[in-house]
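# A structural walkthrough
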Amino acid sequence: MATEPTVNDAPSDAPPPPPSSGAQLTYAGASRVSTSGSGALVELFGNLDRPPVRFEGALKHPLRFREALSALYGVIGSDYRYAPKDRTQYIAYLRLKRDAAPLGVWHAQQAYFAWMLRNDPTALTILDPVVSVHPDQITFEVFGKDESTYACLAFKPEAFEASGPAAHGTTNIDFSDALYASVQQIRGYRETKFAIGPDGAAPAPEIRGATLEKKIQVPDSWLRGFLQVQSAATLPFDHVQLAPMDLYNVLRHLRMNGDRKGKKRGLRFELIPAQQPRIVAEPWETVFTTTGDVFRGKAARLVRVWGRRRLMAIKRLLPFVQSVDVYLLGSGLPSFWVFRCGEITLTLGMTGFTSANWSSALGFDLLLPRKTQDGEPTKKVVAHLATHWKAAPKELTQATGLKGAALVEAVQVGCQNGELMYDIAGGVYRHRPLTAKPLDLERLQFRNPREKVAHDLLARGRAVRITGENRIAGIGLELTGTVTVAEDKRDYRPQMVLADEGQVRKVTCTCATFRKQGIKGGPCVHLIALRLAFAEKEAKKAKADDAVKFETRAFAKRDGAVENVVQVSLERDKIKYRWGPSGQTMRLQTMRFNTEEDARRAYFAKLADLDAKGYLDAIAE
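As a starting point, this report considers the structure included with it. (Residues numbered from 1 in each chain as written. Predicted model: local features only at pLDDT ≥ 70, side-chain atom pairs only at ≥ 80, totals over all residues. Heavy atoms only, no water.)

Moving on, we come to the overall build of the chain. Helix and strand content of the chain: 15 helices and 32 strands. Residues counted as buried form 49% of the 621 residues belonging to the chain. For the chain, the share of sequence-separated contacts (at least 6 apart) that also reach a separation of at least 24 residues comes to 67%. If you sum the accessible surface of the chain, you get close to 30200 Å²; carbon and sulfur atoms cover 53% of it. (Helix = DSSP H or I, 4+ residues; strand = E, 2+ residues; numbered from the N terminus. Buried < 20%, exposed > 50% of the residue type's maximum accessible area, 1.4 Å probe, protein only. Contact = heavy atoms within 4.5 Å. Areas by Shrake-Rupley, 256 points an atom, 1.4 Å probe, with all protein chains shown as cover.)

Put into structure tokens, the structure is as follows:
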């Protein structure tokens, strides 16, 4: 009797799959664009497992719609994670090929998909967009595959010539490679109709295909990043307005010049009140003076953002863009880019850090509330928006009685819980339940088990201590700590070097985990705990200047094509003053004072003097 060969789905040396949440999406058919004669129909099928949402209308500008939807698709599949040369996956592929050689086609396919699910669960996954139909606009939300880019595409009622009755709410739509390919068939000379619904445009039942079901595993880190980027939009920001040509010049420079290995890869915004903002492309130090509105902030700022290559996703939409609004939360923090194309608006939210830059990610986490359930303030806000769909902060204050910090925390918790969204382009909060069922917020509170253990150690009081801070000129701050783990009956000694913008340049630890795999598998618990302890210390120090004993501030001022840099360091009773042109060896002057209080007064007086002379604070948030 012949027996079918068995496939070993889980080899002993396979790493455990990352935490994920199962999601089942059911559609009455596959979304598509159908053309007939001089007309076209964009038919998007909504999720049958969620309350029905419907909208129908005729597009005024089909080409804008085509390019906007293409930009959205570019964000969904974007993956800018660094992929080093590693033979591990190649060896695993050879082993898989050898094991699958005697199998039939079907069993070989099953073995391949099982291996992909264990090693890269998002490789073949496209999370369908979240679509909200509100009385004043239709919104498509997506999140990039590498968890670094959030996109929100909004259509106002003016984008449609005529529309039928609408059913408001939130759902998912089927979005696939086939839909993207069919969207490219849209032409400006065709009358194009647009329909969203659980049954598409509701044609005759006999032409319907079988029900389309998608069962995917959504990584918890993906879902957590989506919620966090959305909540970040509620934080304070600096606003910069650009002309489309300003952005085109920057993107053209990036396209014509490749990045340099080991050099800076950011965009530096130099913001001076009542002056045109300047954008500096690193490492070439190419300066672009913008032609939009002047910077209307109250203080001079120098903000560095990363992820500039992700802006290439809008290159096809750029000819239709009328204005660009940039919202900067700070160096190393997320930034939001709003591209306004008349009745169509595309918002890109870029995290400013990747999974490799875990230090900046931890610092960003501390800016947001860490609650796993809705409080009464959040419930009031959600209840009001569930019936009114959108509201500005002033309207929420009038409706709920919440104001100031209480209102900000309530809406931030609502955004992190997936119940609300902040429409930064319109300056309003919206009701948008991300999933049909409530999220398991306990699972999403931390990125991984190591981070949870680090927070537990930090809560023990004296378990995590910073034993040394050494400022290394031109490199950063060297931190040394001691982490006491009662369960291990040991003290561990983590050490790291932090750059001015928060990136980690060098790490080491005495624990067994670091000795075995270094930083390849992510930072160990003790390094995370040290970074969290330093972030808490910095937050407390910012509230009381008289407690400052160690601090370094960097300032920059441009004189024509030359950027002059000044660095002022306070080290107890000493002040170190460094200055010189950027990229060259800096001169050093050291001043010692009788007491720490005298040094502190002189330090802040020097900072005020530099600010009065027009120098930009490069690292202060």
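Moving on to the packing of helix α5 (residues 220-232) against helix α10 (residues 405-416). Where α5 meets α10, the closest approach of the two axes is 8 Å, and the angle between their N-to-C directions is 155 degrees. Considered as vectors, α5 and α10 are oriented roughly antiparallel to each other. The two elements α5 and α10 cross, and the hand of that crossing is right-handed. The residues of α10 that touch α5, namely those facing L227, Q228, Q230 and S231, are Q412, C415 and Q416. Taken together, the residues of the contact of α5 with α10 break down into two nonpolar, five polar and no charged. (Axes fitted to C-alpha atoms, helices over the stretch in contact; angles between N-to-C directions. Parallel < 35°, antiparallel > 145°, perpendicular 65-115°, else oblique. Left-handed = near helix turned anticlockwise from the far one by under 90°. Nonpolar A, V, L, I, M, F, W, Y, C, P; charged D, E, K, R; others polar.)

Looking now at the sheet that holds strand β2 (residues 32-36). Taking strand neighbours across the sheet as the criterion, the five strands line up as β2-β3-β10-β4-β8 in an open arrangement whose pairing is mixed. Across the chains shown, the open sheet's two edge strands, defined by having one partner strand only, are β2 and β8 (160-163). On average, adjacent strands in this sheet sit at an angle of 20 degrees to one another, irrespective of strand direction. When strand β4 (residues 55-59) meets strand β10 (residues 191-197), the two strands line up antiparallel, connected through four bridges. Note on β10: the bridge partner recorded for E56 is A195. (Pairing = 2+ DSSP bridges.)

Attention shifts here to the sheet that holds strand β13 (residues 267-271). Spatial strand order, β15-β14-β13-β16: four strands in an open sheet with antiparallel pairing. The open sheet has two free edges, formed respectively by β15 (286-289) and β16 (301-305), since each of these has just one partner strand. Averaged over all pairs of adjacent strands, the angle between their axes in this sheet comes to 20 degrees, without regard to strand direction. Where β13 and β16 come together, five bridges link them in antiparallel fashion. Directly across from L271, in β16, lies its bridge partner R301. Here helix α6 (residues 244-256) sits on the sheet in contact with β13, β14 (278-281) and β15, set at roughly 165 degrees to β15.

Attention shifts here to helix α1 (residues 62-76). With 15 residues, α1 ought to run about 21 Å at 1.5 Å a step, and its terminal C-alpha atoms sit 21 Å apart, in line with that. In terms of residue burial, α1 counts as a mostly covered element, since 13 of its 15 residues are buried. (Expected span 1.5 Å × (residues − 1).)

Since the α-helix advances by 3.6 residues per turn, residues separated by three or four positions end up pointing in the same direction. Counted at 1.5 Å a residue, the expected span for α5 with its 13 residues is 18 Å, and the 18 Å between its end C-alpha atoms agrees. Along α5, twelve of the 13 residues are buried, which leaves the element largely enclosed by surrounding structure. Where α5 is concerned, the buried positions are D220, W222, L223, R224, G225, F226, L227, Q228, V229, Q230, S231 and A232.

Core analysis: the biggest nonpolar cluster contains 63 residues, and F140, F194 and W337 have the highest contact counts within it. If one sorts the elements of this core by residue count, α1 sits on top with eight residues. With 36 residues, the next largest nonpolar core counts L227, L235, Y327 and L444 among its residues. (Core = buried A, V, L, I, M, F, W, Y, C linked by side-chain atoms within 4.5 Å.)

This part is about the environment of Y248. On the secondary structure map, Y248 appears in helix α6. C-alpha separation for the pair Y248 and P319, spaced 71 residues apart in sequence, amounts to 9.4 Å.

Counting buried positions along β16 gives five out of five residues, so the element sits mostly inside the fold. Where burial is concerned, the two faces of β16 agree: the one with R301, V303 and V305 and the one with L302 and R304 are both buried.

Across all of its chains, the model carries 28 salt bridges by this definition. Put simply, R301 and D238 hold a salt bridge, and the shortest N to O gap is 3.0 Å. Taken as a pair, R301 in strand β16 and D238 in strand β12 (residues 238-242) lie far apart in primary sequence, 63 residues in all. What makes R301 buried here is its relative accessible area of 17%. The class for D238 is buried, based on a relative accessible area of 16%. With a closest N to O distance of 3.6 Å, K452 and D456 form a salt bridge. With K452 and D456 both in helix α12 (residues 449-458) and four residues apart, this pair spans about one turn of that helix. Members of the salt-bridge network, linked through shared partners, are R268, E282, E285, R304 and E563. (Salt bridge = Lys/Arg side-chain N within 4 Å of Asp/Glu carboxyl O.)

Moving on to the environment of G292. The topology assignment puts G292 in the loop between β15 and β16. Given a relative accessible area of 19%, G292 falls into the buried group. Remark: the alpha-carbon pair of G292 and V240, spanning 52 residues in sequence, is separated by 8.4 Å. When residues no more than four places from it in sequence are discounted, the contact partners of G292 are Q241, L242, A243, D246 and Q276.

A packed helix pair is summarised by two numbers, namely the angle formed by the two axes and the spacing between the axes. Helix α9 (residues 393-400) packs onto helix α8 (residues 376-388) with a crossing angle of 110 degrees between their chain directions and a minimal axis gap of 10 Å. It follows that α8 is roughly perpendicular to α9 by the angle criterion. Contacts from K380, V381, H384 and L385 of α8 reach α9 at L396, A399 and T400. For the contact of α8 with α9, the per-class residue count stands at four nonpolar, two polar and one charged.

Right, let's talk about the pairing of β10 for a bit. The element β10 is extensively covered by neighbouring structure, given that five of its seven residues are classed as buried. Sheet topology note: the strand β3 (residues 39-45)/β10 ladder contains seven bridges and is parallel. Along β10, the bridge assignment pairs L41 with K193.

A separate point is the side chain of D128. By the element assignment, D128 lies in the loop between α3 (105-119) and β5 (130-133). Of note is the side chain of D128, whose polar atom sits 2.7 Å from the side chain of Y27. Separated by 3.3 Å, the side chain of D128 and the backbone nitrogen of F175 make a polar contact. Contact partners of D128, with chain neighbours within four places excluded, come to L25, Y27, N172, I173, D174, F175 and K214. (Polar contact = N/O pair within 3.5 Å; in protein donor to acceptor, adjacent residues only side chain to side chain.)

Read these as spatial facts, not as claims about activity.
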